[in-house]
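# Geometric and topological summary
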Amino acid sequence: MIQKSSNISLHIPPLMWQQFRQMMLNTQTAGEEIIGFFFCKHHQISETRLRYFPKTWVVPTNSCYEHQSTTGLVLKQEFHLYLLKTYLEDGYDLVHIHTHPGFDTPCFSTVDDRHESEYAQFLTTNFEKQPRLISGIFNESLQKPNFRIWNQLGSSFEEVDFYSSWFERRQKRCDPASATDARECAPREAEGRRQKAFVTPTSQLAQDRDLTLPKSQTILDEKAMKLEQTGSSDVMFARQEIFGNALQEKLNELTVTLIGCGGIGSVFAEVFGRLGVKNWVLIDHDCLETTNLNRMPGATWEMAEQQLPKVEYVKQLIQQIYRMNANVKTIPTTIENELATQEIGASDLIVVATDNHYSRQVAQELALKYMRPLVCLGTHIEIRRQKAGGRGQKDEELSVSTLQRENLVDIPRMYSRITIPPLGGGWCLMCGNIINSQMAALESAPREIEQVAQYAGYMEGIDAPAVFWLNSICASTAVGIIQGMVSGFLDIDAGLDWIYKFPESKWYKTDTDYLVNTDCYFCGAEVQAD
């Protein structure tokens, strides 16, 4: 009898996987088998979902092997024990990856079964925290994988879904107990998929590029007519089919946590919701006020007078898009709340659109802790004095007569910024100076200290200026970038930092190579080739 299985996944950031794969290929000669290690943390998302993600990796060089050939390999015992003691005593779980000769999808051999079973027992017996063993095999080009996780006795194993992209893709499991047709489970081995037989996971790269286009506009129109006749809400996405069915499926699966449901966050939810995202977690402790009405779509005077929580307001925006199937959780608290933290760790994407440094810092720390993609959105407006038709200068106190004599005028300068740090570290909002750690500390201080800081001039006592159109540019462009991430047509594995300036009406793209900081207290990553 086939048992209903849990969902176990291994999620390696794309940039980290590229580096690891290249290092593995560099140490490979004449088709010899090679080995590499990831040391991982795990997150129990729910009773049925367990997720592993790496904190560091090691690829042994040729000098670390006692024996290496196309038929097998053995690490030097001294090196191997040093490696395990260095990382496993910190509480990491072990991912052991090796290659098999050839370019077809590999299968675990009986030799793999025996050695890995003994290895799992060895880890349980010799390390106090009893790390789990995840084993993976690839073909010699490291493109076709097969993963499994052993129990601590080394007596059985389960399949592991492997991802090397920004987002995980929910695997459709066959549950014999609920299957209405025996053919639904036909591809599974009769003796049990989870304990003995394995179905090789589809390559994530192939999934990311699965953007089949419709053959003609006629097909699109016919499908739209059919959907209209059946009353299906999916008809709203008929004009997005040019991007492929895979995109819509992935968007429908995404769970997005939006931190900050104000001027930028509300526009983002509206635009991203209309692209196809139905699953949301909304976090904001604030309520609507009259001053919000200039920049929050659909907000009314009645909502402001009732001081409707902003999370409930954005929830209404999303529910107005869909007749059914929208799943929106509202958390009207600050980001530090335990419930908020749990939801952030379980989501697929974190978007922070707050107007202070501290909440962004906490969002970044949680994104690093749970290895989740983070999108940071913000705008800024300032006034600069410049000569009419000339270049600007720093704002300073000038008399009216001086302004008139030198023909100086006040010109608004407006900025939007979208920042997406690389998944898994490399640089972050803190070491990239996107947020000010000193300001974050002051914002998190008790109210008395905050008042002293304002009096001393360290913090402004008034709200920052904001306008709807500038927020819309920021939020809409962010949605476009995320669409590119989900579809795979936009490569931002090294992160992204775009700044829009007006009145120039230009986007400036930061060279993220200059943001990399391996010594950062928050995101510094350990990457080694021994």
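Not measured: the values here are computed from a predicted model. (Residues numbered from 1 in each chain as written. Predicted model: local features only at pLDDT ≥ 70, side-chain atom pairs only at ≥ 80, totals over all residues. Heavy atoms only, no water.)

The helix and strand inventory of the protein stands at 15 helices and 20 strands. Looking at the protein as a whole, 49% of its 530 residues qualify as buried. Long-range contacts, defined as pairs at least 24 residues apart, comprise 70% of the intrachain contacts of the protein with a sequence gap of at least 6. Looking at the protein as shown, the accessible area adds up to about 26600 Å², and 50% of this sits on carbon and sulfur atoms. (Helix = DSSP H or I, 4+ residues; strand = E, 2+ residues; numbered from the N terminus. Buried < 20%, exposed > 50% of the residue type's maximum accessible area, 1.4 Å probe, protein only. Contact = heavy atoms within 4.5 Å. Areas by Shrake-Rupley, 256 points an atom, 1.4 Å probe, with all protein chains shown as cover.)

What follows concerns helix 11 (residues 357-370). Residues spaced three or four apart along an α-helix face the same direction, because each turn holds 3.6 residues. In this model helix 11 runs 20 Å from its N-terminal to its C-terminal C-alpha over 14 residues, within 8% of the 20 Å that 1.5 Å per residue would give. The buried fraction of helix 11 is high, at 10 of 14 residues. The distance from a side-chain oxygen at the start of helix 11 to the backbone nitrogen of tyrosine 358 is 3.3 Å, and the residue carrying that oxygen is asparagine 356. The positive-phi residue at the C-terminal boundary of helix 11 is methionine 371, with phi of around 50°. (Expected span 1.5 Å × (residues − 1). Polar contact = N/O pair within 3.5 Å; in protein donor to acceptor, adjacent residues only side chain to side chain.)

Counting residues in each nonpolar core, the largest one holds 52 residues, and the members touching the most others are Val256, Phe268, Phe272, Trp280, Leu282, Tyr313 and Leu377. Of the residues forming this core, the biggest block, 8 residues, is contributed by helix 15 (residues 468-487). Once residues within four sequence positions are removed from consideration, leucine 377 is found in contact with Ile264, Phe268, Val351, Val352, Ala353, Thr354, Arg360, Arg417, Ile418, Cys474 and Ala478. If you look at the next biggest cluster of nonpolar residues, it comprises 44 residues, including Phe20, Tyr52, Cys64 and Ala120. (Core = buried A, V, L, I, M, F, W, Y, C linked by side-chain atoms within 4.5 Å.)

The next point concerns the pairing of strand 18 (residues 496-502). For strand 18, the tally of buried residues reaches 5 of 7 residues, placing the bulk of the element in the interior. Inspection of the sheet shows strand 17 (residues 408-420) paired to strand 18 by 7 bridges, in the antiparallel sense. Opposite isoleucine 418, over in strand 18, you have tryptophan 498 as the bridge partner. Direction of pairing for strand 18 relative to strand 19 (residues 506-509): antiparallel, over a ladder of 4 bridges. Among the inter-strand pairings, lysine 501 is bridged to a residue of strand 19, identified as lysine 506. The turn linking strand 18 back onto strand 19 is made up of 3 residues, and serine 505 within it adopts a positive phi angle of 55°. (Pairing = 2+ DSSP bridges.)

Before going further, it helps to examine the environment of phenylalanine 522. Mapped onto the elements of the fold, phenylalanine 522 is located in the loop between strand 19 and strand 20 (526-528). On a C-alpha basis, the gap between phenylalanine 522 and cysteine 431 in space is 8.0 Å, while along the polypeptide they are 91 residues apart. In this structure, phenylalanine 522 is in contact with Gln361, Glu365, Leu368, Cys428 and Met430, ignoring residues within four places of it in sequence.

What follows covers the pattern of salt bridges. As enumerated under the stated definition, the model contains 10 salt bridges in all. In this structure, glutamate 116 and arginine 148 form a salt bridge, with 2.8 Å as the shortest nitrogen-oxygen distance. Of the two residues, glutamate 116 sits in helix 3 (residues 110-126) while arginine 148 sits in strand 8 (residues 145-150), which places them 32 residues apart along the sequence. According to the relative accessible area criterion, arginine 148 is buried, its value standing at 1%. Note that glutamate 270 is salt-bridged to arginine 274, the shortest N-O span being 2.9 Å. Taken together, the residues glutamate 270 and arginine 274, both in helix 7 (residues 263-275) and 4 residues apart, mark about one turn of the helix. Owing to a relative accessible area of 19%, glutamate 270 belongs among the buried residues under this scheme. One network of salt bridges, with partners in common, ties together Arg51, Glu168 and Arg372. (Salt bridge = Lys/Arg side-chain N within 4 Å of Asp/Glu carboxyl O.)

Direction vectors running N to C along helix 6 (residues 245-253) and helix 15 enclose 110°, while the axes themselves pass 10 Å from each other. As far as their axial angle goes, helix 15 and helix 6 are roughly perpendicular. Contacts between helix 6 and helix 15 pair Leu247, Lys250 and Leu251 from the former with Gln483, Val486 and Ser487 from the latter. Considered class by class, the residues forming the contact of helix 6 with helix 15 number 3 nonpolar, 2 polar and 1 charged. (Axes fitted to C-alpha atoms, helices over the stretch in contact; angles between N-to-C directions. Parallel < 35°, antiparallel > 145°, perpendicular 65-115°, else oblique. Nonpolar A, V, L, I, M, F, W, Y, C, P; charged D, E, K, R; others polar.)

Attention now goes to the side chain of threonine 341. Relative to the helices and strands, threonine 341 is located in helix 10 (residues 338-346). Among the residues examined, threonine 341 registers a relative accessible area of 17% and is labelled buried. Every residue in contact with threonine 341, bar those within four places of it in the chain, is listed here: Ile335, Glu336, Leu366 and Tyr370.

The geometry of helix 7 relative to helix 9 (residues 310-321) is characterised by a closest axis approach of 9 Å and an angle of 20° between their N-to-C directions. Taken together, the axes of helix 7 and helix 9 lie roughly parallel to each other. As for the relative orientation of helix 7 and helix 9, their crossing is right-handed in sense. Seen from helix 7, the contacting residues are Ser266, Ala269, Glu270, Gly273 and Arg274; seen from helix 9, they are Tyr313, Val314, Leu317, Ile318 and Ile321. Counted by class, the contact of helix 7 with helix 9 contains 6 nonpolar, 2 polar and 2 charged residues. (Left-handed = near helix turned anticlockwise from the far one by under 90°.)

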